[in-house]
Amino acid sequence: MTILPIIDAAKDELTAIFKDLHQHPELGFTEHRTSSVVVEKLKEYGVDEVHTGIAGTGVVGIIKGRDGPRRIGLRADMDALPIDELTNLDYASKTPGVMHACGHDSHTTMLLGAAKHLAETRDFTGTAVLIFQPAEEGLGGARGMLKDGLFERFPCDEIYGMHNYPNGKPGTVGICKGPAMAGASFFDITVQGKGSHAAMPHQSRDPLVIASDLVGSIQTILSRNVAPLDTCVLSVTQIHSGSAYNVVPDTATLAGTIRYFKQEVCDLAEQRMRELCAGFATAYGVDISVDHRNIFDVLMNDSKLSDAYLEAAEDIVGKENISGTDEPATGSEDFADMLKVVPGAYCRIGHSGTTGLHNPSFFLDPEVLPVGASVMARIVERRLSA
C-alpha cells in the first residue's frame, strides 16, 4: 500500500471520526448530527466553501487548486439503516433500532480524509467538489440533491463514488464497466377482501389465502415470462394482515422489489404482476390494487473513466490488487442518478470483514479508511493534473 502521507498521518483521527459516526447513526433525511460533523471537519481542514441544506441534510464542499476550468466530483453517502446492531463492538450504535449496517459511516469518513489531503496539498489544476449525500437507502437522496440543483450550483465534468466490500481481501479495488448495479423498483399490493368470524370463513373472502397464492404465482413471472438470459430478481419481502386469532381480516398487503438491468425487463415484470393481480381479483371476487414505482436506475460506469479510476487506485494499492472485470451486482445504488447527469465511475474497495451488508452483525474494518481516502484523493489529482 502507498497511502498518501497526510492521510496516513491522520489515520487515528479518521478512525475516531468513523467510530463516532458509527455510534450515532441516523436514517435518511435525518442526518443532522452527521452533517454537522462533516461541516465542522471541512471547515477545520480549510475547505474553501461549505454549502449545507441540499436535499435537507446534504453538504457540498469546494476545494480550489490551481486555476483551471475542470471540476471533479467525489460523492459519499451518510445514512444508516433501521436495524438493531448485534456486533458487540465497543463503538456499537447507541441509537436503538438504527445501525450503519452498510458502511456509509466509512464512506463519509473516507471523503473527509480525501478532503484533508486535497485542502492541504492543492496539487491539482481545477476544482474538487465534495458531495456528502443523505438518504441513499431507497429514500431518494440523490434525486433530492439533483432536484435542489446540485450540478447547476456545483457543476462537475466527472464524478466518482465508492462502496466498501466485505470480502475478506483488504485493499482490493474492483470496477464493473458498463451496467454495474441493478435498477430497482418497489411494489405494494393491497388485497381488499371481506372479513368474517374465523369460525365462519365461508362468509369471508379471505385476503390472506389470496395473498398467499399471489406470492407463489408472482414467482412464475421469472420462471415463465422473463427470458432465461435476462437478469431479473423479484422478491416479495413483506406480507401484513390480521390482528386477532379469531378474525378473518378484511385486507392483506404484500410488498417487495424488482431488480433488473434492462428497463424492458422491469416493464414486463410489472405488466405481468398487474395482470396476475387482475386475474386473482376476478377469480376471487375481490379488489386488488398495485402500486409500482421506480426507486433506483441502473448504475452505468463509463468505461474510459473506470480505467482512469483503476489507474488512480493502482497508485495506492498496487496493480495486483485492482480489477476491471468485476461482475454486475443485483444490489442497487442511487449514485446511478448522478451518473445519468455527469459521467463517472463507482468502485468497490475490499476489507477484512466478511459479514454481508445490511446484516445486524456487519463489521467494517477501519483499516480500509486510509485506503479509500487515498484513492478518492488520487483520482482528483490524476484527472486534474496540469
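Only a predicted model underlies this, so the values are computations on that prediction, with no experimental measurement involved. (Residues numbered from 1 in each chain as written. Predicted model: local features only at pLDDT ≥ 70, side-chain atom pairs only at ≥ 80, totals over all residues. Heavy atoms only, no water.)

Draft legend 1. Representation of the nonpolar core. In this structure, L42, I63, L74, L130, F132 and Y309 are the most contacted members of the largest nonpolar core, which totals 63 residues. Counting residues in each nonpolar core, the second largest holds 27 residues, with L214, L234, C266 and V290 among its members. (Core = buried A, V, L, I, M, F, W, Y, C linked by side-chain atoms within 4.5 Å. Buried < 20%, exposed > 50% of the residue type's maximum accessible area, 1.4 Å probe, protein only.)

Draft legend 2. Spatial organisation of the sheet that holds strand 1 (residues 49-54). Strand order in the open sheet made by the eight strands is 1-2-4-3-5-16-6-15, with mixed pairing throughout. The sheet is open, and its two edges are formed by strand 1 and strand 15 (322-323), each paired on a single side. Bridge count between strand 2 (residues 58-64) and strand 4 (residues 125-133): six bridges; the pairing is antiparallel. In the sheet register, V60 faces strand 4, and the bridge partner there is I131. With respect to the sheet, helix 3 (residues 32-44) is in contact with strand 1, strand 2 and strand 4, its orientation differing from that of strand 2 by roughly 10°. (Pairing = 2+ DSSP bridges. Helix = DSSP H or I, 4+ residues; strand = E, 2+ residues; numbered from the N terminus. Contact = heavy atoms within 4.5 Å. Axes fitted to C-alpha atoms, helices over the stretch in contact; angles between N-to-C directions.)

Draft legend 3. Spatial organisation of the side chain of T109. Its location among the elements puts T109 in helix 4 (residues 104-121). A residue is classified by how much of its surface remains accessible, and T109, at 0% relative accessible area, is buried. If we skip the residues at most four places from it in the chain, T109 touches L14, I17, F18, L21 and L369.

Draft legend 4. Layout of the sheet that holds strand 8 (residues 183-192). Reading across the sheet, the four strands line up as 10-12-8-13 and stay open at both edges, with antiparallel pairing between neighbours. The sheet is open, and its two edges are formed by strand 10 (232-241) and strand 13 (287-296), each paired on a single side. Put simply, the sheet's adjacent strands are angled 15° from each other on average, direction ignored. Both strand 10 and strand 12 (residues 251-260) contribute to a ladder of nine bridges, which runs antiparallel. Residue pairing for strand 12: L234 is matched across the bridge by I258. Helix-sheet contacts for helix 7 (residues 207-218) involve strand 8, strand 10, strand 12 and strand 13, and the interaxial angle to strand 12 is about 15°.

Draft legend 5. Main features of the packing of aromatic side chains. All told, the structure shown has four aromatic pairs when counted by the stated rule. Between the aromatic rings of F18 and Y91, the centroid separation amounts to 5.9 Å while the plane-to-plane angle is 65°, which identifies the pairing as edge-to-face. In this pair, F18 is assigned in helix 2 (residues 11-23) and Y91 in the loop between strand 3 (66-77) and helix 4, connecting sequence segments 73 residues apart. As far as burial versus exposure is concerned, F18 and Y91 are alike and both buried. Across from the ring centre of Y165, 5.5 Å away, lies the NZ or CZ of R348, which sits over that ring. (Phe/Tyr/Trp six-rings, centres within 6.5 Å; stacked < 30°, edge-to-face > 60°. Lys NZ or Arg CZ within 6 Å of the ring centre and 35° of its normal.)

Draft legend 6. Molecular detail of the pattern of salt bridges. Scanning the entire structure with this criterion turns up 27 salt bridges. A salt bridge links R33 to D20, with the shortest nitrogen-to-oxygen separation between them at 2.8 Å. One end of the pair, R33, is in helix 3; the other, D20, is in helix 2, and 13 residues separate them in sequence. Given the relative accessible area of 30%, R33 is considered partly exposed. Given a relative accessible area of 22%, D20 falls into the partly exposed group. Among the charged side chains, a salt-bridge network with shared partners connects E311, D315, R378, E381 and R382. (Salt bridge = Lys/Arg side-chain N within 4 Å of Asp/Glu carboxyl O.)

Draft legend 7. Looking closely at the pairing of strand 12. By the criterion of burial, strand 12 is predominantly enclosed, with eight of the ten residues buried. Here strand 8 runs beside strand 12; their pairing, made up of ten bridges, is antiparallel. If you follow I189 over to strand 12, its bridge partner there is L254.

Draft legend 8. View of the environment of I221. Mapped onto the secondary structure, I221 falls in helix 8 (residues 220-224). Its relative accessible area of 0% is what places I221 among the buried residues. Note: C-alpha distance between I221 and G350 (129 residues apart in sequence) is 35 Å. For I221, the contacting residues outside a window of four places in its chain are V226, L234, A269, R272, M273 and L276.

Draft legend 9. Structural view of helix 3. With 13 residues, helix 3 should cover 18 Å at 1.5 Å per step; its first-to-last C-alpha distance of 18 Å lies within 8% of that length. Looking at helix 3, one finds that the buried residues are T34, S35, V37, V38, V39, K41 and L42. Elements that come into contact with the buried residues of helix 3 comprise helix 2, strand 1, strand 2, helix 4 and strand 4. Of the residues trailing helix 3, G46 is marked for its positive phi of about 85°. (Expected span 1.5 Å × (residues − 1).)

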